[in-house]
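What the coordinates show
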Amino acid sequence: MEKTNATRIIEKLGIPFSLQEYKVDAEHLDAIHVAEQLGQDIATVYKTLVLVGDKTGYFVGVIQGDKEIDLKKAAKISGNKKAAMIPMKELLPLTGYVRGGCTAIGMKKSFPVFLDEHALSQDYIFISAGKRGLQIKLSPEDYVKVTSATVGDLINNNN
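Residues numbered from 1 in each chain as written. Predicted model: local features only at pLDDT ≥ 70, side-chain atom pairs only at ≥ 80, totals over all residues. Heavy atoms only, no water.

**Observations regarding the sheet that holds strand E4 (residues 83-85)**
Spatially, the 5 strands line up as an open sheet ordered E4-E2-E3-E5-E8, and their pairing is mixed. Taken across any chain shown, the strands that pair with only one partner, and hence form the sheet edges, are E4 and strand E8 (150-152). This sheet shows a mean twist of 35° between the axes of neighbouring strands, independent of strand direction. Relative to strand E5 (residues 113-116), strand E3 (residues 57-64) runs parallel, the two sharing 3 bridges. Paired with Gly61 across the two strands is Phe114, which belongs to E5. Lying on the sheet, helix H5 (residues 140-147) is in contact with E3, E5 and E8; it crosses E5 at an angle near 170°. (Pairing = 2+ DSSP bridges. Helix = DSSP H or I, 4+ residues; strand = E, 2+ residues; numbered from the N terminus. Axes fitted to C-alpha atoms, helices over the stretch in contact; angles between N-to-C directions. Contact = heavy atoms within 4.5 Å.)

**Notes on the packing of aromatic side chains**
Counting across every chain of the model gives 3 aromatic pairs. On the numbers, 5.7 Å between centres and 65° between planes, the contact of Tyr58 with Phe111 is edge-to-face. Here Tyr58 is found in strand E3, whereas its partner Phe111 is found in the loop between helix H4 (88-95) and E5, with 53 residues between them in sequence. Judged by its relative accessible area of 29%, Tyr58 is partly exposed. Classification of Phe111 as buried rests on a relative accessible area of 9%. Residues Phe59 and Phe114 carry aromatic rings whose centres are separated by 5.7 Å and whose planes lie at 90° to one another, so their mutual orientation is edge-to-face. (Phe/Tyr/Trp six-rings, centres within 6.5 Å; stacked < 30°, edge-to-face > 60°. Buried < 20%, exposed > 50% of the residue type's maximum accessible area, 1.4 Å probe, protein only.)

**So, empty space enclosed by the protein**
This structure, assessed with the given rule, holds 1 cavity of 30 Å³ or more. The space that makes up the largest cavity amounts to roughly 40 Å³. Looking at the lining of the largest cavity residue by residue, the classes come out as 4 nonpolar, 3 polar and 1 charged. (1 Å grid on protein atoms, 1.4 Å probe; cavity = no way out; pocket = protein on both sides within 12 Å on 5 of 7 lines; lining within 4 Å. Points joined across faces, edges and corners; volume = space filled by probe spheres on them. Nonpolar A, V, L, I, M, F, W, Y, C, P; charged D, E, K, R; others polar.)

Note that all results are geometric; they support no functional claim without further evidence.
Next comes the structure, spelled out in structure tokens:
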């Protein structure tokens, strides 16, 4: 399989991981579809969201694939009063990644990363390897090490 910036970084750190390929469907880039393609429980497939705060600027939220981020919780944990998702057209120029292939590992610039606490209840999680069709499987604790993520509650419990 083709190496990506994310896989090179993880290898360099000596962190154990595996890669899983899946068939990309441009009409269904969501994490639920990825979980189905991988044959995995959605509770183990995480999506990477890029947000902007009113005080600290850009940051990354990583949450379970079938959940919605709570913008108030995301703002609070990141030291902001308000936070919003960035417009999709800003994703590639800002991170170097496209929708469906975005990961906090190896972005053009390093941003603070916040991982939802539910990840720690899993033995492993899947995150994008930095391109559509490829996922990295690793322990949530190792993900925290690689990204220097802060762990906290990011999920909107109203859905």
